[in-house]
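# Commentary on secondary and tertiary structure
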Amino acid sequence: MKRREYSLDLTVNRKRITKVVVDPHYEEKHSSSIDDEIILRLVQMLDGKFVEPDVEDPPFNYFSQDQIGLNGKFYKLIWLLEENESYIGVVNAYRR
């Protein structure tokens, strides 16, 4: 399965983001409760925020956002930022 890319304009950790890259890994176990559209809505909720990384492994910083509420449901989003790049990589996402 191939990663999917979407254009999106937001700012996270004072960094302008123009693209979201979604890894299809979440589909193996969670495709019945989440899809790319929900993931993009969760990523948009990061706009304007500053989040401390859970893991720093240059050139990547990894983040885990738990209990993100959307339409009365809660989700976990695992994502990354790469140094000198303008995308968010979604590693995994699922409903809590």
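Residues numbered from 1 in each chain as written. Predicted model: local features only at pLDDT ≥ 70, side-chain atom pairs only at ≥ 80, totals over all residues. Heavy atoms only, no water.

## Focus on the pattern of salt bridges
- The full count for this structure, using the stated rule, is six salt bridges.
- Arg 4 is the partner of Glu 27 in a salt bridge, and the nearest nitrogen-oxygen pair spans 2.9 Å. Pair noted here: Glu 27 is in helix α1 (residues 27-30) and Arg 4 is in strand β1 (residues 4-12), with a separation of 23 residues, a long-range link.
- Given a relative accessible area of 24%, Arg 4 falls into the partly exposed group.
- For Asp 66, the salt bridge is made with Arg 96, and the minimal N-O distance between the two is 2.9 Å. Highlighted residues: Asp 66 in strand β4 (residues 60-70) and Arg 96 in the segment after β6 (87-95), separated in sequence by 30 residues.
- The partly exposed category is assigned to Asp 66, whose relative accessible area is 36%. (Salt bridge = Lys/Arg side-chain N within 4 Å of Asp/Glu carboxyl O. Helix = DSSP H or I, 4+ residues; strand = E, 2+ residues; numbered from the N terminus. Buried < 20%, exposed > 50% of the residue type's maximum accessible area, 1.4 Å probe, protein only.)

## Brief notes about the sheet that holds β4
- Judged by pairing direction, the sheet is mixed, and its six strands sit side by side in the order β1-β2-β6-β5-β4-β3 without closing on themselves. Where the open sheet ends on each side, the last strands, each with one partner, are β1 and β3 (55-57). Taking the axes of each pair of neighbouring strands and ignoring which way they run, one obtains an average angle of 30° across the sheet.
- Pairing between β1 and strand β2 (residues 15-22): seven bridges, direction antiparallel. (Pairing = 2+ DSSP bridges. Axes fitted to C-alpha atoms, helices over the stretch in contact; angles between N-to-C directions.)

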